[in-house]
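# Fold and geometry: a report
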Amino acid sequence: MGPKRKRAQRPASGSEDDYAHNSDSSYDETSRTKVTQKTRKARKKIHGNDGSSVVSGILGHPVSMHVISAIEPMRIALLEWYDRVHDARKMPWRKKFDPSLDAEGRAQRAYEVWISEIMLQQTQVVTVIPYYNKWMAKFPTIRDLAASDIETVNSLWKGLGYYSRAARLLSGAQKAVKELHGRLPDNAKDMEAKIPGVGRYSAGAISSIAYNHCVPVLDGNVHRLLSRFTALHAQPKSKRTLDVLWAGAESFIKQSKRPGDINQALIELGSTVCAVRDPVCSDCPLRLWCKAYQRTQPTASHTGAVEADIEELCLVCDPIPSDEDNGSVTIYPMKAERKKPREELDSVNVIEWRNRNSRDRWFLLVRRPQGGLLAGLHEFPTLPNLSGTKASASNLAKIPYTLLQELLIHPPSSNSDKERLKKLPNSNTSNTVPKVIQVTSAGDVVHVFSHIKKTYRVQWVLLEGDELPQFRPAVPPGQGARENDSRAKNPKGKQKRSEVSEVELDTIPQTLNAQWVPLTQVEDANIGTGVLKVWKLVEKLWITTL
């Protein structure tokens, strides 16, 4: 009797959308029955009811097809290519590893790589370079960054997008100075665990480049490259797929003397040669071993299933639909189903104050919370996520009064609140209470984030008075929410909402800084692209009304 064959293996259970960073294995054992069931399903996909072929691709292939082995010739070819091109794009953060650096010198390199890696998330190299240079001129060390504030940080970040990255850099630097002796951790595990905004990829990049540690990386470029290199046609964000690709990335750097260079080479190769569209396979140093490239060659056979031991079949890949098989490596990776961004309607109020006796024009800006979307940026007073009757024209006209009541010591009164002024104890309040001259609709601005499609319904609100309106004192974090909660509930504990908006008491920013900004300084404030679009829309309105 021959040796007992290894039982077929199956992807580990768990969420298909969430990746466990500490997962080292792609497969767990399963019963032969389940393997057989999945194999039969795959075979049904290969042939239609009439026996015709409805999909193409390498079906019924062994899982070993996605395992990278005999790596040394590949490393040599990759590094030879990288040594020729590493300085082609003139990235100021890209430097050769210097083994002579002491602990402080390596920590400084880690800081430089950290800044570049966070800036490069969702952003092209050519865009990042000038931002990186300005950043390092302003904050040459992690201690310089830690001593700064969100306003200064956002001013340098303005235009780069994804502003929460800037806030996390600041908080990460402050934590490193306060708790870690002014240095980033010198290993990937602690870096990922202790520094805000640093995930498995960033920790691997920093550790391998700055400390020469053998830690893999898997960003979008490497994901695409390795999917083609191993002909992996599977759900791109599933845990099973990511486990296979992380294992492939680790194969390249395991026991390497130049792990940082290998990681940067993989990223560079994916970015410049193995591009999303129109990859230049003839320039790829890895094409001799690339399974997707081999599949495009005239001698390749990929019109049907490849027989494989039923117990060694790959259970990660999905079949390739025949209408998507264009004979190119671009069929890999499998196209992800893009989730349609949720749609929200916000009331944005460009509130202007003018002195009755001069031509001074001031505009009200508030700062967003330090976490979440557009963290720490300024915006015009906004009431988010309106729906139904809350978005009616009559209701929108009431919103500025509600917002100003929350922000100003002496807010203007609406038509339904005229009696309030008569009850004010200060007889001089008539000089400090601004008057709403007009509320004019300016139209809509559509601004799409990665997961939200925002429609900003814009109003120009003109106030007039003798003295610039004063703001209410800032409310300590958490207190505003408690006060709102207490006054928004009736004795039975049910939420009571005013007619203005279902969310007005819970979402008006209680802890944010508000400020009046002169007309000429609005565009220079730390505002996002969407807010700038709003500003430009209102400027057009003035041409027709002033």
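As shown above, the structure is provided for reference.
So, here's what we can say about the structure. For clarity, every value in this text was computed on a predicted model and none was experimentally measured.

Definitions and cut-offs
- Numbers given for residues are sequential positions, taken from 1 along each chain in its written order.
- Local features in this predicted model are restricted to residues whose pLDDT is 70 or higher, and side-chain atom pairs enter the listing and the counts only when it is 80 or higher, whereas totals over whole chains, interfaces and linings include all residues.
- The side-chain numbers reported here are obtained from all heavy atoms of the structure, hydrogens and water having been left aside.
- Per the convention used, a helix needs a DSSP run of H or I reaching at least four residues, while a strand needs a run of E reaching at least two, with both numbered from the N terminus.
- Three labels apply to residues, based on accessible area from a 1.4 Å probe with only protein chains included: buried if under 20% of the type maximum, exposed if over 50%, partly exposed otherwise in between.
- By definition in these notes, contact holds between two residues if any of their heavy atoms fall within 4.5 Å.
- Per-residue and other accessible areas follow the Shrake-Rupley method at a 1.4 Å probe size, with only the shown protein chains counted as cover for residues.
- Here a patch means residues that are over 30% exposed by relative accessible area and free of salt bridges, tied together within 9 Å if like-charged and within 5 Å if nonpolar (Val, Leu, Ile, Met, Phe, Trp, Tyr).
- Salt bridge, as applied in this entry: a Lys or Arg side-chain nitrogen positioned within 4 Å of an Asp or Glu carboxyl oxygen.
- Charged residues are defined narrowly, with Lys and Arg counted positive, Asp and Glu counted negative, and His plus the chain ends left uncounted.
- Charged side chains are reduced to one point each, which is NZ for Lys, CZ for Arg, CG for Asp and CD for Glu.
- Nitrogen and oxygen atoms within 3.5 Å of one another constitute a polar contact, given that in protein one can donate a hydrogen and the other can accept it, and given that sequence-neighbouring residues count only through two side-chain atoms.
- Given a helix with a known number of residues, its expected span is that number minus one, times 1.5 Å.
- Computed over the protein atoms alone on a 1 Å grid, cavities are sets of points where a 1.4 Å probe fits but cannot get out and pockets are open sets with protein on both sides within 12 Å along at least five of seven lines; a residue lines them when it has an atom within 4 Å of a point.
- Grid points are joined across faces, edges and corners, and a volume is the space filled by probe spheres set on the points.
- For this scheme, ten residues count as nonpolar: Ala, Val, Leu, Ile, Met, Phe, Trp, Tyr, Cys and Pro. Four count as charged, namely Asp, Glu, Lys and Arg, and the remainder, Gly too, count as polar.
- Between the rings of Phe, Tyr and Trp (Trp by its six-membered ring), a pair exists once the centres lie within 6.5 Å; its type follows the angle of the planes, with under 30 degrees stacked, over 60 edge-to-face, and the other angles tilted.
- Throughout this description, the term charge over a ring refers to an Arg CZ or Lys NZ atom that lies within 6 Å of the ring centre and within 35 degrees of the ring normal.
- Convention adopted: a line fitted to C-alpha atoms gives each axis, helices being fitted over their contacting stretch, and angles between N-to-C directions are expressed from 0 to 180 degrees.
- If an angle is under 35 degrees, it is roughly parallel; if it is over 145, roughly antiparallel; if it lies from 65 to 115, roughly perpendicular; otherwise it is oblique.
- Crossings are assigned a handedness: left-handed for a near helix turned anticlockwise from the far helix by less than a right angle, right-handed for a clockwise turn.
- Nine residue types can take part in a nonpolar core, namely buried Ala, Val, Leu, Ile, Met, Phe, Trp, Tyr and Cys, and a core is a set of them joined through side-chain atoms within 4.5 Å.

## Here's the deal with the overall build of the chain
The helix and strand inventory of the chain stands at 19 helices and 11 strands. Within the span of the chain, comprising 546 residues, buried residues form 47% of the whole. Taking the intrachain contacts of the chain between residues at least 6 apart in sequence as the baseline, contacts between residues at least 24 apart amount to 72%. Put simply, the chain shows about 28200 Å² of open surface, and 50% of that area lies on carbon and sulfur atoms.

## A few points about a positive patch on the surface
Taken together, the side chains of Lys 237, Arg 277, Arg 338 and Lys 339 make up a positively charged region of the molecular surface. As for its placement among the helices and strands, Lys 339 is situated in the loop between strand 4 (320-321) and strand 5 (342-355).

## A closer look at the side chain of Lys 454
In this fold, Lys 454 is placed in strand 10 (residues 452-465). You can call Lys 454 buried: its relative accessible area is 7%. Looking at Lys 454, its side chain comes within polar contact range of the side chain of Glu 344, at 2.7 Å. Beyond its immediate sequence surroundings of up to four residues, Lys 454 is in contact with Glu 344, Asp 346, Leu 373, Pro 384, Val 445, Val 446, His 447 and Phe 449.

## Section: the pattern of salt bridges
Scanning all chains against the criterion turns up 22 salt bridges. Here Asp 243 and Lys 239 are joined by a salt bridge, their closest N and O atoms 2.8 Å apart. Here Asp 243 and its partner Lys 239 are both found in helix 11 (residues 239-253), 4 residues apart, which amounts to about one turn of the helix. Residue Asp 243 shares its accessibility class with Lys 239, and that shared class is buried. Measuring nitrogen to oxygen at the nearest pair gives 3.1 Å for the salt bridge that ties Arg 368 to Glu 379. Taken together, the residues span a long stretch of sequence, with Arg 368 in the loop between strand 6 (361-367) and strand 7 (378-379) and Glu 379 in strand 7 at a distance of 11 residues. The buried category is assigned to Glu 379, whose relative accessible area is 12%.

## Considerations on unusual backbone geometry
The linkage connecting Tyr 332 with the following residue, Pro 333, adopts the cis geometry, with an omega of -10°. Inspection of the secondary structure puts Pro 333 in the loop between strand 4 and strand 5. Although it is not a glycine, Tyr 162 sits at a positive phi angle of roughly 45°. In this structure, Tyr 162 sits in the loop between helix 6 (150-157) and helix 7 (164-179). Look at Tyr 162 and you get partly exposed, because its relative accessible area is 41%.

## Observations regarding helix 7
An α-helical turn contains 3.6 residues, so a residue and the one three or four places further along point in the same direction. For helix 7, spanning 16 residues, the distance from its first C-alpha to its last is 22 Å, which sits close to the expected 22 Å at 1.5 Å a residue. What helix 7 keeps buried is the set Arg 165, Ala 166, Ala 167, Leu 169, Leu 170, Gly 172, Ala 173 and Ala 176.

## Here we look at empty space enclosed by the protein
Per the counting criterion, the structure on display carries 3 cavities of 30 Å³ or more. Of the pockets and cavities examined, the largest cavity occupies roughly 120 Å³. Around the largest cavity sit 14 residues that line it, and Leu 225, Cys 274, Cys 281, Cys 284 and Cys 290 are the ones nearest its centre. Considering each element in turn, the lining of the largest cavity owes the most residues, 3 residues, to helix 10 (residues 220-229). Classifying every residue of the lining of the largest cavity gives 12 nonpolar, no polar and 2 charged.

## Topic: the packing of aromatic side chains
Here the structure, examined in full by the defined rule, presents 11 aromatic pairs. Relative to Trp 157, the ring of Trp 135 lies with its centre 5.8 Å away and its plane at 80°, an arrangement referred to as edge-to-face. Taken as a pair, Trp 135 in helix 4 (residues 125-138) and Trp 157 in helix 6 lie far apart in primary sequence, 22 residues in all. Neither Trp 135 nor Trp 157 differs from the other in exposure class; each is buried. Between Phe 471 and Trp 516 the ring centres are 5.8 Å apart and the planes differ by 20°, which places this aromatic pair in the stacked class. Here Trp 516 lies in strand 11 (residues 514-518) and Phe 471 lies in the loop between strand 10 and helix 17 (479-487), a separation of 45 residues in the sequence. Among the residues examined, Trp 516 registers a relative accessible area of 9% and is labelled buried. Counting every residue linked through ring pairs, the aromatic cluster contains Phe 363, Phe 380, Trp 460, Trp 535 and Trp 542. Taking the ring centre of Trp 246 as reference, the NZ or CZ of Arg 200 above it sits at 3.8 Å. The lysine or arginine in question, Arg 361, covers the ring of Trp 542, its NZ or CZ lying 4.4 Å from the ring centre.

## Side note on the packing of helix 9 (residues 200-211) against helix 12 (residues 259-272)
Remark: helix 9 packs on helix 12, axes separated minimally by 7 Å, with the N-to-C direction vectors making an angle of 130°. Between helix 9 and helix 12, the crossing angle belongs to the class labelled oblique. Helix 9 and helix 12 meet at a crossing whose hand is left-handed. On the side of helix 9, the interface is formed by Tyr 201, Gly 204, Ser 208 and Ile 209, while helix 12 contributes Pro 259, Gly 260, Asn 263, Gln 264 and Ile 267. Broken down by class, the residue content of the contact of helix 9 with helix 12 amounts to 4 nonpolar, 5 polar and no charged.

## Some remarks on the nonpolar core
Note that soluble globular proteins tend to have their nonpolar side chains buried in a common cluster. Core analysis: the largest hydrophobic core is formed by 115 residues, its most contacted members being Trp 114, Trp 135, Leu 145 and Phe 252. In terms of residue count, the dominant contributor to this core is helix 3 (residues 103-120) (8 residues). Residue contacts for Trp 135: discarding those within four places in its chain leaves Tyr 111, Ile 115, Met 119, Leu 145, Val 153, Leu 156, Trp 157 and Leu 169. Of all hydrophobic cores here, the second largest spans 12 residues; its members include Val 366, Leu 408, Val 461 and Trp 516.

So yeah, pure geometry; function would need other evidence.
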